[in-house]
Amino acid sequence: MMPNFKQLFLISLLGLSITGCSQLKTNNPIAISNEIKQQLYTSEPIVAYFDKDASAGEEYDSGYSATPSQDGYYRKLLGRDKDGRFLVQDFYQNTHKKQTDPFWVKEPLALRSFDIIFTDGAITTYFENGHISSTSTYEEGLEVGLSKTFYSNGQQAFEYEIADPEVHSYKIKFWYENGKPAVEGFATYKDDQPTYDAKAWDEQGQLVTDNTAVNDIVESIYEKTENE
């Protein structure tokens, strides 16, 4: 059974504007005693650490760590805007490469969540090799517009957008890792069970029509991107 898209797909190129964002002040340094300085792990504005499995949950504290986690991530606070939103950016703990572009969150508790459903606006995520992993946009906790997910080699894996929210219908496209088309059409969910009105092909390019076989292709591509 394939879970719904809200839970599965980490995926509108980042169009963030930081106009009006109040940057963290650096022109008025606060006096800190040498004793306290010696206790500091970092003087950077890091507000959270996350373990390597942090994105698996949708709870605010899922995967959150107060200290650095091996193979995990860390989050920097870049500033706030006039509406009180927080501008943050995530990085890989081991290499310090960016894991996201800067993105907005509204709730203070969301600073401790690695799940992108708490994003307010667009977000782009990256593999550690620098290739884009996903692009998506959120409003009030819901995905809007076109969402995309990629393989670690840079090839797009799938994209989707809501076609009819009342019947949980999505317009979908899937590709194999070599760039060949896999599925194109519509998926409709009822009780988390998908039915497809779509064209599908196996990896040899042969047409696939059986609904179960189409679902197997979709799930195998999803699992591939999840494990990368």
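Residues numbered from 1 in each chain as written. Predicted model: local features only at pLDDT ≥ 70, side-chain atom pairs only at ≥ 80, totals over all residues. Heavy atoms only, no water.

A.B. asks: Would you explain the overall build of the protein chain in this entry?
C.D. replies: Within the protein chain, the regular secondary structure consists of three helices and 15 strands. Put simply, the protein chain shows about 12900 Å² of open surface, and 48% of that area lies on carbon and sulfur atoms. (Helix = DSSP H or I, 4+ residues; strand = E, 2+ residues; numbered from the N terminus. Areas by Shrake-Rupley, 256 points an atom, 1.4 Å probe, with all protein chains shown as cover.)

A.B. asks: Would you mind showing me how to read helix α3 (residues 211-227) here?
C.D. replies: Each full turn of the α-helix corresponds to 3.6 residues, which orients residues three or four apart in the same direction. In this model α3 runs 24 Å from its N-terminal to its C-terminal C-alpha over 17 residues, within 8% of the 24 Å that 1.5 Å per residue would give. Among the residues of α3, V214, N215, I217, V218, E219, I221, Y222 and T225 are the ones counted as buried. (Expected span 1.5 Å × (residues − 1). Buried < 20%, exposed > 50% of the residue type's maximum accessible area, 1.4 Å probe, protein only.)

A.B. asks: Can you walk me through the nonpolar core in this structure?
C.D. replies: Taken as a class, soluble globular proteins show a tendency for nonpolar side chains to be buried jointly. Core analysis: the biggest nonpolar cluster contains 19 residues, and I172, F174, A182, V183, Y196, I217 and I221 have the highest contact counts within it. Secondary-structure elements contributing two or more residues to this core are β11 (156-164), β12 (169-175), β13 (181-190), β14 (193-201) and α3. Counting eleven residues, the second-largest nonpolar core is a separate cluster that includes V105, A110, L111 and Y138. (Core = buried A, V, L, I, M, F, W, Y, C linked by side-chain atoms within 4.5 Å.)

A.B. asks: How should the environment of S113 be read in this particular structure?
C.D. replies: With respect to the helices and strands, the residue S113 is situated in the loop between β6 (103-105) and β7 (121-126). Of the residues examined, S113 reaches a relative accessible area of 2% and is grouped as buried. Sequence separation between S113 and F50 is 63 residues; the distance between their C-alpha atoms is 8.3 Å. Excluding residues within four positions of it along the chain, S113 makes contact with F50, E59, Y60, R75 and F118. Polar contacts involving the side chain of S113 include one to the main-chain amide nitrogen of D115, which spans 3.2 Å. (Contact = heavy atoms within 4.5 Å. Polar contact = N/O pair within 3.5 Å; in protein donor to acceptor, adjacent residues only side chain to side chain.)

A.B. asks: Sorry if this is basic, but what is going on with the confidence of the model for the protein chain here?
C.D. replies: Note that predicted coordinates carrying low pLDDT should not be read in detail. Per-residue pLDDT for the protein chain averages 85, and the proportion of residues at 70 or more is 86%. Looking over the protein chain, one finds the lowest element-wise mean pLDDT in helix α1 (residues 5-8), namely 40, and the highest in strand β10 (residues 147-150), namely 98. With pLDDT under 50 throughout, residues 1-26 is counted as low confidence; its partners more than four residues away or in other chains account for 93 contacts. (pLDDT = per-residue confidence, 0-100.)

A.B. asks: Please clarify how the pattern of salt bridges should be interpreted in this entry.
C.D. replies: Side-chain pairing between opposite charges can occur once the charged atoms of the two side chains come close. For the coordinates displayed, the defined rule picks out nine salt bridges. Of the charged contacts, one joins D81 and R85 as a salt bridge, the two residues approaching to 2.8 Å between their closest N and O atoms. Between K224 and E228 there is a salt bridge whose closest N-O contact spans 3.9 Å. You can call K224 partly exposed: its relative accessible area is 35%. With a relative accessible area of 30%, E228 lands in the partly exposed category. Connected through salt bridges with shared partners, the residues D81, R85 and D120 form a single ionic network. (Salt bridge = Lys/Arg side-chain N within 4 Å of Asp/Glu carboxyl O.)

A.B. asks: Is there a simple way to explain the side chain of T125 in this structure?
C.D. replies: Checked against the element boundaries, T125 lands in strand β7. Beyond its immediate chain neighbours, meaning those up to four positions away, T125 contacts Q99, T100, I132, S133 and S134.

A.B. asks: Any chance you could explain unusual backbone geometry here in plain terms?
C.D. replies: With the exception of glycine, most residues fall at negative phi, and the peptide bonds are largely trans. In this structure, D71 is a non-glycine residue whose phi angle is positive, near 65°. In this structure, D71 sits in the loop between β3 (64-65) and β4 (73-80). Even without being glycine, D192 reaches a positive phi, approximately 65°. The topology assignment puts D192 in the loop between β13 and β14.

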